[in-house]
Amino acid sequence: MAEMDVARLRAELVPPFHALDVVRSTGSTNADLRKAADEGAADRTVLIAEEQTAGVGRRARSWSSPAGSGIYLSVLLRPHEVPFAEYGSLAVVAGLAVTDLTAELGVDAVMKWPNDVLAGEDRAKCAGILAEAVAGDEGAVVLGIGLNVLPVNGRIPPNPAGLLPTSLAETGARTTDRTEIALILLSAFAGRESRWRAACGDLARAGLLDEYRERCETLGQQVRVMLPGGDALIGTAQDVDSTGQLTVLGEDGRRRTVFAGDVVHLRMA
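Everything quoted here is computed from the prediction, not taken from an experiment.

This part takes up the pattern of salt bridges. The tally for this structure, following the rule as stated, stands at 21 salt bridges. We note a salt bridge from aspartate 21 to arginine 10, for which the minimum N-O separation is 3.2 Å. One end of the pair, aspartate 21, is in strand 1 (residues 19–23); the other, arginine 10, is in helix 1 (residues 6–13), and 11 residues separate them in sequence. Accessibility expressed as a relative area gives 33% for aspartate 21, which makes it partly exposed. Residue arginine 10 is classed as partly exposed on the basis of its relative accessible area, which comes to 37%. Note that arginine 78 and aspartate 137 form a salt bridge whose closest N and O atoms lie 2.9 Å from each other. Here the residue arginine 78 occupies a position in the loop between strand 5 (70–77) and helix 3 (90–105), and aspartate 137 occupies one in strand 9 (residues 137–148), the gap between them amounting to 59 residues. Among the residues examined, arginine 78 registers a relative accessible area of 14% and is labelled buried. Salt bridges sharing partners connect three or more residues here, namely Asp43, Arg44, Glu193 and Arg197.

Rendered as structure tokens:
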């Protein structure tokens with residue numbers, strides 16, 4: 001597989017991004033940009049890796065990133081207009097950008113709250129998203145996106161929620177040119193992140209919330225939510241609010257607002 005064209009990426013994406021680099025291999029692009037933030041890296045700095053050897057997802061789980069087969073990128077953001085408490089809604093912004101990409105490529109895809117993108121008739125996982133605040137700097141956050149482009153061929157195991165992996169190639173994408181895919185994805189993200197930032201992180205004010213509700217397959221599902229600490233909540237996923245939190249109507253008739261958790265879709269309610 002051809003390496004990504006960094007000159008073209010820079011020519012078309014800088015601006016709106018401040019800087020962009022592509023490396024052949026690294027442990028984790030998120031970890032690299034957290035370190036770069038500590039060293040004063042600028043707002044909207046992008047790092048893309050051809051391969052990640054220690055990619056990390058939610059709850060410190062490993063993310064498989066085979067060389068040359070996907071898009072593994074992170075963006076350092078310093079959205080000083082946005083309250084720190086609203087940074088969690090960046091996963092919604094990124095999910096919308098990924099589904100903008102899949103629509104452009106002719107791939108049937110939806111979002112699964114809080115950070116997965118599912119594609120194809122079997123609704124297998126083709127992308128994962130992780131937003132991490134930079135320790136000691138409440139004005140900085142690193143947003144990571146991992147996207148399977150080429151067929152996974154058994155190289156990636158199911159995730160802890162039992163989701164099987166898939167790729168853009170396996171779900172009918174019109175192209176698997178990773179440079180073009182990165183251009184479409186980052187352009188979509190830049191536009192949506194600018195709206196999010198201008199609205200101070202409020203998804204409704206940014207005009208993003210209704211789109212998310214339309215594209216999020218979790219809503220209307222009977223779900224099991226594994227909460228931090230190990231408790232489980234079973235009920236119907238009813239809504240997502242302007243900060244990206246999920247509202248679940250529990251089996252006991254009580255409504256709960258969930259900020260973080262692993263969701264398993266059980267069946268349509």
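Residue proline 16 is bonded to the preceding proline 15 through a cis peptide linkage, with omega at 15 degrees. Look at the link from tryptophan 113 to proline 114: it is a cis peptide, with omega at 0 degrees. Inspection of the secondary structure assignment puts proline 114 in the loop between strand 6 (109–112) and strand 7 (116–119). Phi at arginine 44 takes a positive value of approximately 65 degrees, unusual for a residue other than glycine. Inspection of the secondary structure assignment puts arginine 44 in the loop between helix 2 (29–38) and strand 2 (45–49).

So, on to the sheet that holds strand 5. Sheet architecture is open: 7 strands sit in the order 1-2-5-9-8-7-6, paired in mixed fashion. Edge positions in the sheet fall to strand 1 and strand 6, since each of these pairs with one other strand and no more. With direction set aside, neighbouring strand axes in the sheet form an average angle of 20 degrees. The pairing of strand 5 with strand 9 spans 8 bridges and is classified as antiparallel. Bridged to isoleucine 71 within strand 9 is leucine 147. Strands in contact with helix 1 are strand 1 and strand 2; relative to strand 1, the strand with the most contacts, it is inclined by about 165 degrees. In this fold helix 2 packs onto strand 2, strand 5, strand 8 (124–134) and strand 9, with an angle of close to 20 degrees to the strand it touches most, strand 5.

Turning next to the packing of helix 3 against helix 4 (residues 178–198). Following both chains from N to C, one finds helix 3 and helix 4 inclined at 140 degrees, their axes separated by 8 Å at the closest point. Considering the angle they form, helix 3 stands oblique to helix 4. Helix-helix and strand crossings are classified by hand; for helix 3 and helix 4 the assignment is right-handed. Contact residues: Leu90, Val93, Ala94, Leu96, Ala97, Val98, Asp100, Leu101, Glu104 and Leu105 in helix 3; Ile181, Ile184, Leu185, Ala188, Phe189, Arg192, Glu193 and Trp196 in helix 4. Here the residues of the contact of helix 3 with helix 4 sort into 14 nonpolar, no polar and 4 charged.

Attention shifts here to the pairing of strand 7. Side-chain direction in a regular strand flips from residue to residue, so the side chains alternate between the two faces of the sheet. Here strand 7 shows a buried face lined by Asp116 and Leu118 and a second buried face lined by Val117 and Ala119. As judged from the 4 bridges shared by strand 6 and strand 7, these two strands associate in the antiparallel manner. Looking at strand 7, one finds that alanine 109 is bridged to alanine 119. If you look at the hairpin formed by strand 6 and strand 7, you'll find 3 residues sitting between the two strands.

The complete set of buried residues in helix 2 reads Thr29, Asn30, Leu33, Ala36 and Ala37. Each buried residue of helix 2 sits inside an arc of 120 degrees when the element is viewed along its axis, so together they form one side. Looking at helix 2, the residues exposed on the side facing more than 90 degrees away from the buried face are Lys35 and Asp38. Of the residues that open helix 2, the one with a side-chain oxygen 3.3 Å from the backbone nitrogen of asparagine 30 is serine 28. Glycine 40 sits one or two positions beyond helix 2 and adopts a positive phi of about 95 degrees.

Looking now at the packing of helix 1 against helix 4. Across the interface, helix 1 lies against helix 4 with an axial gap of 10 Å and an inter-helix angle of 25 degrees. Viewed along their axes, helix 1 and helix 4 adopt a mutual orientation that is roughly parallel. Helix 4 is crossed by helix 1, and the crossing has right-handed handedness. Note on element contacts: helix 4 touches helix 1 through Thr179, Glu180, Ala182, Leu183, Leu186 and Ser187, opposite Arg8, Leu9, Glu12 and Leu13. Residues of the contact of helix 1 with helix 4, tallied by class, amount to 5 nonpolar, 2 polar and 3 charged.

Conventions and cut-offs
- Residues numbered from 1 in each chain as written.
- Predicted model: local features only at pLDDT ≥ 70, side-chain atom pairs only at ≥ 80, totals over all residues.
- Heavy atoms only, no water.
- Salt bridge = Lys/Arg side-chain N within 4 Å of Asp/Glu carboxyl O.
- Helix = DSSP H or I, 4+ residues; strand = E, 2+ residues; numbered from the N terminus.
- Buried < 20%, exposed > 50% of the residue type's maximum accessible area, 1.4 Å probe, protein only.
- Pairing = 2+ DSSP bridges.
- Axes fitted to C-alpha atoms, helices over the stretch in contact; angles between N-to-C directions.
- Contact = heavy atoms within 4.5 Å.
- Parallel < 35°, antiparallel > 145°, perpendicular 65-115°, else oblique.
- Left-handed = near helix turned anticlockwise from the far one by under 90°.
- Nonpolar A, V, L, I, M, F, W, Y, C, P; charged D, E, K, R; others polar.
- Arc of directions from axis to C-beta.
- Polar contact = N/O pair within 3.5 Å; in protein donor to acceptor, adjacent residues only side chain to side chain.

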